[in-house]
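Structural description and commentary
Given next are the chains, with one letter for each unit.
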Amino acid sequence: AAGRNPQAAASRPAETWQTGSAERPLQLANLLELEEAAAKVIPAAGFDYIAGGAEDEWTLRENRAAFGRKQVAQRVLTGKVVTDTATTILGSRIAMPVIIAPMGGHGIAHVSAEAGTARGAAAAGTLHTVSTVATLSLEEAAQAADGPRWFQIYLTNDDGFNAELLQRARAAGYNAIVFTVDVPVGGNRDRDRRNGFVYPAAAAPRNFLDASGRPRAIDRGFKSRLDADSIDFVKRHSGLPVVVKGVAAPDDARLALDAGAAGIQVSNHGGRQLDGTPAAFSVLPAIADAVQGRVPLIFDSGVRRGTDVFKALASGADVVALGRPVLYGLALGGWQGVQSVLQQIERELRTVMQLAGAATVDDIRRTGLIG
Ligand SMILES: Cc1cc2nc3c(=O)[nH]c(=O)nc-3n(C[C@H](O)[C@H](O)[C@H](O)COP(=O)(O)O)c2cc1C
Ligand SMILES: CCCCCCC(=O)C(=O)O
């Protein structure tokens, strides 16, 4: 799995990676049009890595299309006025039911890397999930901003390293671990293969560097065998609540619950892994049904509009996680770009709430959809 493999970067000499460096708020009409603008700033192979999906990218497109098959009822005579978009997730109070999904290599998009994203998230009052393959180390990302933060782990084939990483996350003040289980192997990503994409040295994942700067553990690859014992391992070594991410079937949700998951992240990895699988939004109601509110549900894959957030919450999610648009906002405006992206989706959500007769996030959860 050379392609986009982050491990390649750790051992290559530095090269020029001329990516986003602007620091400015963005004037946005919506989040969808960010992609075209970001393509002009991020080097082409890096942009393809971010924007692309697996194989024919059917699931990538379906993640958007599925939102169009459910509708929100207009309710304008309820006497309600939007009071608040704030909510609580795993004990952390956030300003909106939108958090940032873990994504590797923010240095591909902007020179500030995860520090910019963390600062933008904090400025907007929400939380950022730092990836195992972040450009910055988990400690550097934690120091970039105050506020709640989650750390995402990919288990490597080096359990000693995995345990250390989890302990480092706890020591650095992360509030939860997101354990991603949908990359037992990298997806077939045609764009990356065509481009021969590897993480540039500017985005080499620093979590894998030892004290003397030599790469560690990443050459052993990620674990392919994942099961209830893996969830238990992450729980024991972190001592933190564990959100299992990459659940796209009710049976996997039940398995994760039985293994002690504190949360479930319904996701198909933004269509980057198994092409031809249903949209994440299509499988959300069945998973919510299986979970029956026993743990919070986080939803991602295809969220771009306030209506998407509304529909996901009305279908059983507690919060949604935003992916690619955050990297585009980062590329175009650094931390202020990330803040603009989050403010835009919050603004849209408020408008939808008012038009749908929902004064609070709890009201959205009680709303039914049409279709
Ligand atoms: C460039 C990129 C890198 C990603 N890296 C990770 C990662 O390191 N860990 C992880 O759990 N998910 C990763 N994801 C998946 C996201 O967490 C999320 O599931 C996905 O982006 C949601 O789809 P959307 O961006 O279309 O909304 C990545 C996604 C992108 C676009
Ligand atoms: C071998 C695949 C590594 C992917 C690491 C980052 C990621 O999750 C992604 O979607 O890209």
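Calculation criteria
- Residues numbered from 1 in each chain as written.
- Chains lettered and ligands numbered in written order.
- Predicted model: local features only at pLDDT ≥ 70, side-chain atom pairs only at ≥ 80, totals over all residues.
- UniProt positions renumbered as here; feature names shortened; annotations may be inferred.
- Helix = DSSP H or I, 4+ residues; strand = E, 2+ residues; numbered from the N terminus.
- Rg over C-alpha atoms; globule rule 2.2 N^0.38 Å.
- Near = placed C-beta within 6 Å.
- Nonpolar A, V, L, I, M, F, W, Y, C, P; charged D, E, K, R; others polar.
- Buried ≥ 20, exposed ≤ 12 C-beta atoms within 10 Å, placed from the backbone.
- Contact = placed C-beta atoms within 7 Å.
- Axes fitted to C-alpha atoms, helices over the stretch in contact; angles between N-to-C directions.
- Left-handed = near helix turned anticlockwise from the far one by under 90°.
- Expected span 1.5 Å × (residues − 1).
- Arc of directions from axis to C-beta.
- Pairing = 2+ DSSP bridges.
- Right-handed = clockwise from strand over helix to strand, strands pointing away.

As annotated in an unreviewed UniProt entry, the protein chain carries the name FMN hydroxy acid dehydrogenase domain-containing protein and comes from Thauera linaloolentis. Quoted straight from UniProt, the Sequence similarities (unreviewed entry) entry for the protein chain says "Belongs to the FMN-dependent alpha-hydroxy acid dehydrogenase family." Heading Cofactor (unreviewed entry) of the UniProt record for the protein chain holds this comment: "FMN".

Overview of the overall build of the protein chain
Each helix and strand counted, the protein chain has 14 helices and 12 strands in total. A compact globule built from 371 residues should have a C-alpha radius of gyration of about 21 Å, and the protein chain, at 19 Å, falls within 12% of that. Overall size of the protein chain, expressed as C-alpha extent along the three principal axes, is 65 × 45 × 40 Å.

Some thoughts on the site of ligand 1
Not every one of the 21 residues close to ligand 1 is listed here, only the nearest: Ala101, Ser131, Thr180, Gly270 and Gly323. Tallied by class, residues from the shell around ligand 1 come to 7 nonpolar, 11 polar and 3 charged.

Concerning unusual backbone geometry
In this structure, Glu55 is a non-glycine residue whose phi angle is positive, near 45°. Secondary-structure assignment places Glu55 in the loop between α3 (44-51) and α4 (58-65). For Glu55, a count of 16 C-beta atoms within 10 Å corresponds to the partly exposed category. Backbone geometry at Leu90 places phi at a positive 45°, although glycine is not the residue there. Looking at the element boundaries, Leu90 is found in the loop between β2 (87-89) and β3 (92-94). Classification of Leu90 by C-beta neighbours within 10 Å gives partly exposed; the count is 19.

Re the environment of Ala65
As for its position among the elements, Ala65 is in helix α4. Spatially, the C-alpha atoms of Ala65 and Ala171 are 41 Å apart, while their sequence positions differ by 106 residues.

As for the UniProt feature "active site" (unreviewed entry) in the protein chain
Per the UniProt entry, the sites bearing "active site" (unreviewed entry) are His269 in this numbering. Positionally, His269 belongs in the loop between β9 (263-266) and α11 (280-291). Other than its neighbours up to four places away in sequence, His269 contacts Asp182 and Gly246.

Remarks on the packing of helix α10 (residues 250-258) against α11
In the contact formed by α10 and α11, the axes pass within 9 Å of each other and the chain directions differ by 35°. Crossing handedness for the pair α10 and α11: right-handed. Within the contact between the two elements, α10 uses Pro250, Ala253, Arg254 and Leu257 and α11 uses Ala286, Ile287, Ala290 and Val291. Taken together, the residues that form the contact of α10 with α11 break down as 7 nonpolar, no polar and 1 charged.

Some remarks on the environment of Leu31
Tracing the backbone shows Leu31 in the loop between α1 (6-10) and α2 (34-39). Since 24 C-beta atoms lie within 10 Å of it, Leu31 is described here as buried. Put simply, Leu31 and Gln344 are 313 residues apart on the chain and 7.6 Å apart in space, counted from C-alpha to C-alpha. Those residues in contact with Leu31, other than ones at most four positions away along the chain, are Arg304, Arg305, Pro325, Val341, Gln344 and Ile345.

Quick look at α11
When the terminal C-alpha atoms of α11 are compared, their 16 Å separation across 12 residues agrees well with the 16 Å that a helix rising 1.5 Å per residue should span. Those residues of α11 not exposed but buried are Ala280, Phe281, Val283, Leu284, Ile287, Ala288 and Val291. Taken around the axis of α11, the buried residues stretch over an arc of 150°, which confines them to a single face. Looking at the buried side of α11, the elements it contacts are α4, β8 (242-247), α10, β9, β10 (297-300) and α12 (306-314).

So, the pairing of strand β6 (residues 149-153)
For β6, a buried count of 5 out of 5 residues is recorded, marking the element as mostly surrounded by other parts of the structure. Burial along β6 is two-sided: Arg149, Phe151 and Ile153 facing one way and Trp150 and Gln152 facing the other are all buried. When strand β5 (residues 128-130) meets β6, the two strands line up parallel, connected through 3 bridges. Residue Val130 lies in a different strand from β6, and its bridge partner there is Phe151. For the segment spanning β5, helix α6 (residues 138-143) and β6, crossover handedness is right-handed. By the bridge criterion, 4 bridges tie β6 to strand β7 (residues 176-180) in an arrangement that is parallel. Residue Ile153 lies in a different strand from β7, and its bridge partner there is Phe179. A crossover links β6 with its parallel partner β7, the connecting element being helix α7 (residues 159-171), and its sense is right-handed.

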